Amino acid sequence: MTAQPLQGIVVLEFSQYLSGPSAGLRLADLGARVIKIERPGTGEAGRKLAIKDLWVDENSLLFHTINRNKESFTANLKDADDVYVIKQLIAKADVLIHNFRPEVMGKNGLDYASVQHINPRLVYAEISGYGKKGPWKDKPGQDLLLQAMSGLAYTTGNSEQAPVPFGISIGDIIAGAHVVQGILAALIRRQKNGKGALIEVSMLESLLDFQFELLTTYYTTQQQPQRSAVANGQPLLSAPYGIYATADGHIAIAMMDIHVLADTIGCFALHAFHKEDAFVQRDAIKKALAVHLQQHPSAVWLRMLHDAGLWAMEVLNWQQLTTTAAYQTLQMEQVVLAEDRQIVTTRCPIRFNGKRLMFDRPAPQLGAQNESIRQELSAAMK
């Protein structure tokens, strides 16, 4: 693909695990040259963070999924000669991303205040767990812990259940996306005034923003939103919103008038409730609906609901999803070639001028670009 939107932008990624690397991945997908700065010998910690104990060429499968289409340069930040080379790279870079504790970069003279003197046009982006100030600033910025402390775990599951975390690293992913938004805004600003910027994102702030509906309601009422006891879908929404078991699976039912729903599927027990009761008697309504829906298979209910123009869908697992024509039309899968192995992973979800952004370049071997990058720097100094 030619004329990628970020072609010519150079990004230095001082990051590990998920949040920073996910930001670097998106910038790479958009055409930036992303160079991972890693420890000699071991590399960034994500290389050894395996998912389901799956490995490719001694690196974790997870590392390959989130670091494809990047380069790797190793440097010992405790070595003055290596730091000198890093500062040469910073002088030529457009963006620097890190998700280390602030003191890690600062004690090596790579904090924002220091690198401004090297490259005042640099967009410097940092991700922390809880921000750089306050009593939580030194707590570990790990995704599950952030889900717990941000209140997010109280949004999922039914009311009688213990708090339920998301099944993905949502804090890392959202913080990475927010950093990309900040970087792109700073690059546009730099185009106008020639100045770099400091972009700061914490995972805690990202997860709080993610819950803006719930928190705005809490700020207004000073009451904790209550999960429904049956088929909880969203704590602020009334019945019938939620996921229900059928005779052979599950279906998701979105917002709709409970009396229209009752007439559509023959659940006349719902007529015992007034329309205005949809929230205050949410659990009783959902319980009556849950009993009724177990009488027939999902396809029967979906046919009735869709014929009436009501919003409902089958709950699919990945095996079911990937066999559908709708999924296959999206062409979300791409193949990454790692040595002699093909890895099927997801592509960038963004289309640019109608084109899907797909690249088969694998995650880099540790220090794979050391020699070529040093040669580039040497040639630039002549």
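Please refer to the structure higher up on the page.
Presented here is a report on the structure given in the accompanying data block. Counting restarts for each chain: residues are numbered from 1 in the order of the written sequence. Local features are withheld for residues below a pLDDT of 70 in this predicted model, meaning they are given only at 70 or higher, and side-chain atom pairs are given and counted only at 80 or more; totals for whole chains, interfaces and linings count all residues. The side-chain figures draw on all heavy atoms in the structure; neither hydrogens nor water molecules are used.

### Section: the overall build of the protein
- Strands are runs of DSSP state E lasting at least 2 residues, helices are runs of H or I lasting at least 4, and numbering of each runs from the N terminus. Helices and strands together make up the secondary structure of the protein, namely 15 helices and 15 strands.
- Expressed as lengths along the three principal axes of its C-alpha atoms, the size of the protein is roughly 85 × 50 × 40 Å.
- Burial here depends on accessible area, computed with a 1.4 Å probe over protein chains only, as a share of the maximum for the residue type. Under 20% is buried, over 50% is exposed, and the range in between is partly exposed. A buried classification covers 46% of the 382 residues belonging to the protein.
- In the protein, the share of contacts with a sequence separation of at least 24, taken over all contacts with a separation of at least 6, comes to 67%.
- Here the protein displays about 19,900 Å² of accessible surface, and carbon together with sulfur accounts for 56% of that area.
- Counting rule applied: Lys, Arg positive; Asp, Glu negative; His and chain ends not counted. By convention, the charge on Lys lies at NZ, on Arg at CZ, on Asp at CG and on Glu at CD. Looking at charge distribution, the protein has the averaged site of its 37 positive side-chain charges lying 6 Å from that of its 37 negative ones. Contact criterion: two residues are considered in contact whenever any of their non-hydrogen atoms come within 4.5 Å of each other. Each accessible area is a Shrake-Rupley estimate made with a 1.4 Å probe; only the visible protein chains count as cover when residues are assessed.

### What to know about helix α7 (residues 170–193)
- By this rule the span expected of a helix is its residue count minus one, scaled by 1.5 Å. Compared with an ideal rise of 1.5 Å per residue, which puts 24 residues at 34 Å, α7 spans 35 Å between its outermost C-alpha atoms and is within 8% of the ideal.
- Where α7 terminates, the next one or two residues include Gly194, which has phi positive at roughly 75°.

### Thoughts on the sheet that holds strand β9 (residues 242–245)
- The strand order across the open sheet built from three strands is β9-β10-β11, with neighbouring strands paired in antiparallel fashion. The open sheet has two edge strands, β9 and β11 (312–314), and neither has a second partner. Taken over all neighbouring pairs, the strand axes of this sheet differ in orientation by 25° on average, direction set aside.
- Note: β9 against strand β10 (residues 250–253), four bridges, orientation antiparallel. Residue pairing across strands places Ala245 opposite His250, the latter belonging to β10.
- Against the sheet, helix α11 (residues 282–293) contacts β9 and β10, and its axis sits at roughly 40° relative to β9.
- Axis angles are defined between N-to-C directions and span 0 to 180 degrees, where every axis is a line fitted to C-alpha atoms and, for a helix, only to the segment in contact. Packed on one face of the sheet, helix α12 (residues 298–307) meets β10 and β11 and runs near 155° to β11. In this scheme, strands are said to pair when DSSP sees at least two bridges between them.

### Some thoughts on the packing of aromatic side chains
- Centre distance within 6.5 Å is the pairing criterion for rings of Phe, Tyr and Trp, where only the six-membered ring of Trp is used; planes under 30 degrees apart are then read as stacked, over 60 as edge-to-face, and the remainder as tilted. Under the criterion given, the structure shown has three aromatic pairs.
- Look at Tyr130 and Trp136: their rings are 6.0 Å apart centre to centre, the planes differ by 85°, and that puts the pair in the edge-to-face class.
- Judged by relative accessible area, Tyr130 falls into the buried class, the value being 8%.
- Between Phe166 and Phe210, the ring centres sit 6.0 Å apart and the planes meet at 65°, which makes this aromatic pair edge-to-face. Remark: Phe210 occurs in helix α8 (residues 203–210) and Phe166 occurs in the loop between α6 (143–149) and α7; sequence separation between them is 44 residues.

### Structural notes on a nonpolar patch on the surface
- On the surface, a cluster of nonpolar side chains totalling about 350 Å² of accessible area is made up of Leu316, Trp318 and Leu321.
- Trp318 sits in the exposed class, given a relative accessible area of 74%. Each patch is assembled from residues with relative accessible area greater than 30% and no salt bridge, linking like charges that lie within 9 Å and nonpolar side chains (Val, Leu, Ile, Met, Phe, Trp, Tyr) that lie within 5 Å. For salt bridges, the criterion is a side-chain nitrogen of Lys or Arg within 4 Å of an Asp or Glu carboxyl oxygen.

### Regarding helix α15 (residues 370–381)
- With twelve residues, α15 should cover 16 Å at 1.5 Å per step; its first-to-last C-alpha distance of 17 Å lies within 8% of that length.
- Listing the buried residues of α15 in full gives Asn370, Ile373 and Leu377. Down the axis of α15, the buried set is contained in an arc of 80°. They therefore lie on one face. Exposed positions of α15 whose direction lies more than 90 degrees from the buried face are Glu371 and Ala379. For this quantity, the arc is that covered by the directions from the helix axis to the C-beta atoms.

### Here's the deal with the side chain of His64
- Structurally, His64 can be placed in helix α2 (residues 61–67).
- Residue classification places His64 among the buried residues on the basis of a relative accessible area of 2%.
- Those residues in contact with His64, other than ones at most four positions away along the chain, are Val56, Asp57, Asn59, Ala338, Ile343 and Ala363.

### Thoughts on the sheet that holds strand β5 (residues 71–74)
- In space, the six strands of this open sheet follow the order β5-β2-β1-β6-β7-β8, with parallel pairing throughout. The open sheet has two edge strands with one neighbour each: β5 and β8 (197–202). Strand-to-strand, the axes of this sheet are offset by a mean angle of 20°, without reference to chain direction.

### Side note on the environment of Gln334
- Looking at where Gln334 falls in the secondary structure, it is placed in strand β12 (residues 333–338).
- Note on Gln334: relative accessible area 4%, which makes it buried.
- Placed 319 residues apart in sequence, Gln334 and Ser15 show a C-alpha to C-alpha distance of 24 Å.
- A distance of 3.1 Å separates a polar atom in the side chain of Gln334 from the backbone nitrogen of Phe359. As used in this structure description, the phrase polar contact means that two N or O atoms lie within 3.5 Å; if the pair is within protein, one of them must be able to donate a hydrogen and the other to accept it, and residues adjacent in sequence are counted only when both atoms belong to side chains.

### Focus on the environment of Ser372
- Its place among the elements puts Ser372 in helix α15.
- For the pair Ser372 and Pro163, spaced 209 residues apart in sequence, the C-alpha to C-alpha distance is 50 Å.
- Within polar-contact distance, the side chain of Ser372 engages the backbone oxygen of Gln369 at 3.2 Å.

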